[in-house]
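Summary of the model geometry
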Amino acid sequence: QKIFSLPNPKITADAKPYYKAALKANNTFAALWLDAGLAGYLLNPNASDYAVERQLAQHGLSLPAAEAPQKLLPLVRECLGLSALSPLLERELEANGQQKLLREVEQPLCEVLASMELTGFRIDREGLREFGIYLDGLTIQLEQEIYQLAGGKFNINSPKQLGDVLFGKLELPAKKKTKSGYSTNAEVLEELIPYHPIISKILEYRKYKKLSSTYVEGLKDTIGPDSRIRSVFRQTDTRTGRISSAEPNMQNIPIRTEPGSRMRDFFEAEEGNLLVDADYSQIELRVLAALANDSAMIEAFREGVDIHTRTAAQVFDLPEAFVTPQMRSRAKAVNFGIVYGQQAFGLGQTLHIPMAEAQEMIDRYYDAYPKVRAYLDDVVAQAHKDGYATTMFGRKRHIPELRSTNVNLRHFGERTAMNHPMQGTAADIIKLAMIQVNKRRREEGLHARMVLQVHDELDFECPNEEADTMAALVAEVMNNVVELKVPLIADVQMGPNWAIAH
């Protein structure tokens, strides 16, 4: 522990355990110079792990032999390996222009994630248990309705028995037949909804079953004695730079669908505290406007108009006042589709419209925002040349699919190249905001604790009397953390639980 706070520069294979140990002891882990795992991740986000031995092997080296007592041998060998590996990583980071990304984003973020893992997120254990009972009641009721519609009992969870009932007994039109029988996946079933009332019941039944097993039963086992769930936040898992969550995954708690969205009711603040929830509004579209330097899109964001309504007016060639909710939702699909490199085929599937109509919408979109098309074309051309796409902050994603002879893989590579600058830059921005909020919170002596990050959203637990101050601080940091040609807007709300705060 004494070594932790010394000002000597430190090199480590993974700094998070040291940050956690220091935070637990009310100490600081000072002067981290190089986290070899994070450096390796920046240099090659496609690798499966960043252990010292594996990284040395990629440089044609192996862990050095060492003299030490048996118990200490692995540690000594790793330390020797680190001293051999770190100058190589330093050199590559410099050549890649990624030193700043490591020292100003990834390494400082490591401490924030360590504190989130220690803090955890409080959950209403009793509320969750009751919700499980409620879900079981719904599934039993649906089971009976399905048996009635099927004319008898069968195992709904068996794809074979379900296939026999739907395509044999009820003679519904079958699409895919596999070796073991008919396919009954969600895609197949959704197409069958108009043919028989049993289909929507089966889809609902599956939804409740998944909620019960994944979220109610799955979370129940992870609740600590203090009624808090502690997730592991991983920094080196995704190729885009996004943080991932595991054991349990707190980033895939349902948001939109009923009754799944009720899961958020059970994540709560301790008594005497509130949750402050801050969410970036349309950050990837704003990043696209700034990177493409498209004046029409920049103007829309600067004026603060609804971007989907504005886009609908352009695509359907109407005044904004005449845009219907359906037109807006179609324009929204185009806006987000463009960010994800979606082409006419994909958009047609999303909106259930003919491919020609989808192509026409995309063409009109590009007429409205001409610099977006030019920018995306440039991104793809550059990625073909370099073999990678890059964010505003120099985060690179290598895309081997671009060199594939398989046309579908190559197209996947091009869509990936289009999306990376937006998704990766948004990930970098939220990371900078997390670091900055943590720093300001400390400087101002606030007791708030960050409990969760879900892509564009940050959640804090803070004493009631500090909630307004904290909400204002979070909004100020998130809105000003980087300077773009368009404003960044964080929607900040608060409440006793995650559902109300969101």
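First, a word on scope: everything that follows refers to the structure included in this document.

**Section: the overall build of the protein**
On a plain count of helices and strands, the protein comes out with 19 helices and 14 strands. Since a compact globule built from 502 residues should have a radius of gyration of about 23 Å, the 26 Å found for the protein is in line with a globular shape. With the C-alpha coordinates aligned to their principal axes, the bounding extent of the protein is approximately 75 × 55 × 55 Å. Sequence separation of 24 or more characterises 65% of the internal contacts of the protein that already satisfy a separation of 6 or more. Entry remark: accessible area of the protein is about 24100 Å², with carbon and sulfur atoms responsible for 52%.

**Some points on the sheet that holds strand S13 (residues 457–463)**
The strand order S12-S13-S9-S14 describes an open sheet built from four strands, whose pairing is antiparallel. If you trace the sheet from one side to the other, it starts and ends with strand S12 (449–454) and strand S14 (490–495), each paired once. With direction set aside, neighbouring strand axes in the sheet form an average angle of 20°. The strands touched by helix H17 (residues 407–443) are strand S9 (273–280), S12 and S13; relative to S13, the strand with the most contacts, the crossing angle is about 15°. Taken strand by strand, helix H18 (residues 467–480) contacts S9, S13 and S14, and its axis lies near 165° from that of S14.

**Brief notes about helix H7 (residues 159–169)**
All buried positions along H7 are accounted for by Leu162, Gly163, Val165, Leu166 and Phe167. Projected down its long axis, H7 shows its buried positions confined to an angular sector of 165°, all on one face. Across from the buried face of H7, at angles greater than 90 degrees, the exposed residues are Lys160 and Lys169. Check the buried side of H7 and you find it contacts helix H6 (125–150), strand S5 (181–182), helix H8 (186–192) and helix H9 (197–220). Note on H7: the residue one or two positions beyond its end, Glu171, has a positive phi of about 55°.

**Looking at empty space enclosed by the protein**
One pass over the structure, following the stated rule, counts three cavities of 30 Å³ or more. One number sums up the size of the largest cavity: a volume of about 50 Å³. Lining the largest cavity are Gly241, Arg242, Ile243, Glu284, Gln423, Ala426, Ala427, Ile430, Lys431, Gln453, His455 and Asp456. Ranked by residue count, the leading element in the lining of the largest cavity is H17, at five residues.

**What about the packing of helix H10 (residues 283–292) against helix H16 (residues 370–386)?**
Running from amino to carboxyl end, H10 crosses H16 at an angle of 85°, the nearest separation of the two axes being 9 Å. Regarding the angle of H10 to H16, the classification is roughly perpendicular. In this structure, H10 contributes Leu288, Leu291 and Ala292 to the contact, and H16 contributes Lys371, Val372, Tyr375 and Leu376. Tallied by class, residues from the contact of H10 with H16 come to six nonpolar, no polar and one charged.

**Things to note about the environment of His59**
If you trace the backbone, His59 turns up in the loop between helix H3 (52–58) and helix H4 (73–96). Taking the C-alpha atoms as reference points, His59 and Thr257, 198 residues apart in sequence, are found 48 Å from one another. Among residues more than four places away in sequence, those in contact with His59 are Leu85, Leu88 and Glu92. Of note is the side chain of His59, whose polar atom sits 2.9 Å from the backbone oxygen of Gln55.

**Observations regarding the pattern of salt bridges**
Applying the stated criterion to the full structure yields 31 salt bridges. The closest approach of N and O atoms between Arg364 and Glu360, which form a salt bridge, is 3.1 Å. One end of the pair, Arg364, and the other, Glu360, are both in helix H15 (residues 355–368), four residues apart, so they sit about a helical turn from each other. Taking the relative accessible area as the measure of exposure, Arg364 reaches 34% and is therefore partly exposed. In this structure Glu360 comes out as partly exposed when scored by relative accessible area, which is 41%. A single salt-bridge network, built from bridges that share partners, covers Arg122, Arg228, Glu268, Glu270, Arg449 and Glu461.

**Here's the deal with the packing of aromatic side chains**
A full pass over the atoms with the stated rule returns 13 aromatic pairs. With 5.9 Å between their ring centres and 80° between their planes, Tyr41 and Tyr50 make a pair best called edge-to-face. Across the pair, exposure class does not vary: Tyr41 and Tyr50 are buried alike. Taking 5.8 Å as the distance between ring centres and 75° as the angle between the ring planes, the aromatic pair formed by Tyr365 and Tyr366 counts as edge-to-face. These aromatic residues form a ring-pair network of at least three members: Phe4, Tyr18, Tyr19 and Phe29. One cation-aromatic arrangement involves Arg262 over Tyr134; the distance from NZ or CZ to the ring centre is 4.8 Å. Taking NZ or CZ as reference, Arg264 lies 3.7 Å from the ring centre of Trp498, over its face.

**Details of H15**
End to end, H15 covers 20 Å across 14 residues, agreeing with the expected 20 Å (1.5 Å per residue, within 8%). Three or more residues of H15 are buried, namely Ala358, Met361, Ile362, Tyr365, Tyr366 and Ala368. For H15, the angular spread of the buried residues around the axis is 155°, confining them to a single face. Those residues of H15 that are exposed and angled more than 90 degrees off the buried face are Ala356 and Asp367. Contact partners of the buried residues in H15: H10, helix H11 (295–303), helix H12 (307–315), helix H13 (325–339), helix H14 (344–351) and H16.

**Overview of unusual backbone geometry**
Look at the link from Glu247 to Pro248: it is a cis peptide, with omega at 0°. Positionally, Pro248 belongs in the loop between strand S8 (244–246) and S9. Positive phi is not limited to glycine here, since Glu171 has a value of about 55°. By the secondary structure assignment, Glu171 is in the loop between H7 and strand S4 (177–178). Its identity as a non-glycine residue notwithstanding, Asp317 has a phi of 55°, on the positive side. By secondary structure assignment, the location of Asp317 is in the loop between H12 and H13.

What counts, and at which threshold
Residues numbered from 1 in each chain as written. Predicted model: local features only at pLDDT ≥ 70, side-chain atom pairs only at ≥ 80, totals over all residues. Heavy atoms only, no water. Helix = DSSP H or I, 4+ residues; strand = E, 2+ residues; numbered from the N terminus. Rg over C-alpha atoms; globule rule 2.2 N^0.38 Å. Contact = heavy atoms within 4.5 Å. Areas by Shrake-Rupley, 256 points an atom, 1.4 Å probe, with all protein chains shown as cover. Pairing = 2+ DSSP bridges. Axes fitted to C-alpha atoms, helices over the stretch in contact; angles between N-to-C directions. Buried < 20%, exposed > 50% of the residue type's maximum accessible area, 1.4 Å probe, protein only. Arc of directions from axis to C-beta. 1 Å grid on protein atoms, 1.4 Å probe; cavity = no way out; pocket = protein on both sides within 12 Å on 5 of 7 lines; lining within 4 Å. Points joined across faces, edges and corners; volume = space filled by probe spheres on them. Parallel < 35°, antiparallel > 145°, perpendicular 65-115°, else oblique. Nonpolar A, V, L, I, M, F, W, Y, C, P; charged D, E, K, R; others polar. Polar contact = N/O pair within 3.5 Å; in protein donor to acceptor, adjacent residues only side chain to side chain. Salt bridge = Lys/Arg side-chain N within 4 Å of Asp/Glu carboxyl O. Phe/Tyr/Trp six-rings, centres within 6.5 Å; stacked < 30°, edge-to-face > 60°. Lys NZ or Arg CZ within 6 Å of the ring centre and 35° of its normal. Expected span 1.5 Å × (residues − 1).

Structural measurements only, silent on function.
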